[in-house]
Every structure is written in structure tokens, then in C-alpha cells.
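Listed here are the chains, written in short residue letters.
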Amino acid sequence: SALSVFLGGSISAIANFTMIRIMFAGWTTNSPRGAQRAFYIGEILKVVVSVVLFIVVILFMSPAPAQLMIGFSASVMVYWVALLFSRPVMVTVR
């Protein structure tokens, strides 16, 4: 059903938003090591949030499993496709 696809896409979007909030928090910009740490913490939290949301949705909403995974997978693939068509950014240090 369409609701299952929407829920799958929403799980991916919420998990990615969690990662972005961690990565761009103020404490991450002090050093390269801080940025790396924020990336790792954000990625771990993204996986945890995804798993927790999948469990909550499956237990309380009874979605169609195939459509749920299709929505999640399509949402994740959007980022990969966007990377294929993006131009590299050149940063000049002065």
C-alpha cells in the first residue's frame, strides 16, 4: 500500500536527518578529528534510529513488508543517484 511506501521513505528521511544534525552540530567543526568523530557517531545513530523505527512501524502499524522496504530502499538510492550527477566541489585554501 502507499502508506507502507511512505513509512519506509519516512524512516530513511528521519534517520538521515538525525545524522545530519549530529554532523553539523557546533562541536564538530573544531578539528578534523572532531568532524570524523561526529561522522561516526552520526552514522551509528542513523543505523540505531532506522532499526528502532522499523521495529516501531512493524509492531504498531502492520505495514506491507515489501512496500515498506521499497520505500526505504528508494529513499536511500536517491542519495546515491544524486552523488552520480553532482559535480565535485573544488576548495581553494589561501
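Residues numbered from 1 in each chain as written. Predicted model: local features only at pLDDT ≥ 70, side-chain atom pairs only at ≥ 80, totals over all residues. Heavy atoms only, no water.

## What about the nonpolar core?
Within soluble globular proteins, side chains that are nonpolar tend to cluster in buried spots. The biggest cluster of nonpolar side chains holds six residues, and these are Leu7, Ile11, Phe54, Val57, Leu68 and Phe72. In this structure, Val57 is in contact with Leu7, Ile11, Ser62, Pro63 and Leu68, ignoring residues within four places of it in sequence. (Core = buried A, V, L, I, M, F, W, Y, C linked by side-chain atoms within 4.5 Å. Buried < 20%, exposed > 50% of the residue type's maximum accessible area, 1.4 Å probe, protein only. Contact = heavy atoms within 4.5 Å.)

## Description of unusual backbone geometry
The backbone phi angle of Ser62 is positive, close to 50 degrees, even though this residue is not glycine. If you trace the backbone, Ser62 turns up in the loop between helix H2 (32–61) and helix H3 (65–85). (Helix = DSSP H or I, 4+ residues; strand = E, 2+ residues; numbered from the N terminus.)

## With respect to the packing of helix H1 (residues 2–23) against H3
Close contact between H1 and H3 brings their axes to 6 Å; oriented N to C, the two are set at 40 degrees. What the angle tells us is that H1 and H3 run oblique. Seen along the crossing, H1 lies across H3 with a hand that is right-handed. Between H1 and H3, the contacting residues are Ser4, Val5, Leu7, Gly8, Gly9, Ile11, Ser12, Ala13 and Asn16 on the first element and Gln67, Leu68, Gly71, Phe72, Ser75, Val76 and Tyr79 on the second. Counted by class, the contact of H1 with H3 contains eight nonpolar, eight polar and no charged residues. (Axes fitted to C-alpha atoms, helices over the stretch in contact; angles between N-to-C directions. Parallel < 35°, antiparallel > 145°, perpendicular 65-115°, else oblique. Left-handed = near helix turned anticlockwise from the far one by under 90°. Nonpolar A, V, L, I, M, F, W, Y, C, P; charged D, E, K, R; others polar.)

## Remarks on H1
An ideal rise of 1.5 Å per residue puts 32 Å on 22 residues; H1 measures up with 32 Å between its terminal C-alpha atoms. Among the residues of H1, those classed as buried are Ser4, Leu7, Gly8, Gly9, Ser10, Ile11, Ser12, Ala15, Asn16 and Met19. On its buried side, H1 packs onto H2 and H3. (Expected span 1.5 Å × (residues − 1).)

## Overview of the layout of surface pockets
In this structure, the largest pocket encloses a volume near 380 Å³. In terms of lining residues, the largest pocket is bounded by 19 residues, among which Asn16, Met19, Glu43, Lys46 and Tyr79 are the most central. Contributions of two or more residues to the lining of the largest pocket are made by H1, H2 and H3. Element by element, the count of residues in the lining of the largest pocket is highest for H2, at seven residues. (1 Å grid on protein atoms, 1.4 Å probe; cavity = no way out; pocket = protein on both sides within 12 Å on 5 of 7 lines; lining within 4 Å. Points joined across faces, edges and corners; volume = space filled by probe spheres on them.)

## A few points about H2
The terminal C-alpha atoms of H2, which comprises 30 residues, lie 42 Å apart, in line with the 44 Å expected from a rise of 1.5 Å per residue. Buried within H2 are the following residues: Gly34, Ala38, Gly42, Val49, Ser50, Phe54 and Val57. Close packing links the buried residues of H2 with H1 and H3. Of the residues one or two after H2, Ser62 is the one with positive phi, at around 50 degrees.

## Section: the confidence of the model for the protein
Residue-level pLDDT values for the protein average 88, and 90% of them are 70 or greater. Averaged over each element, pLDDT in the protein is lowest for H3 (91) and highest for H1 (94). (pLDDT = per-residue confidence, 0-100.)

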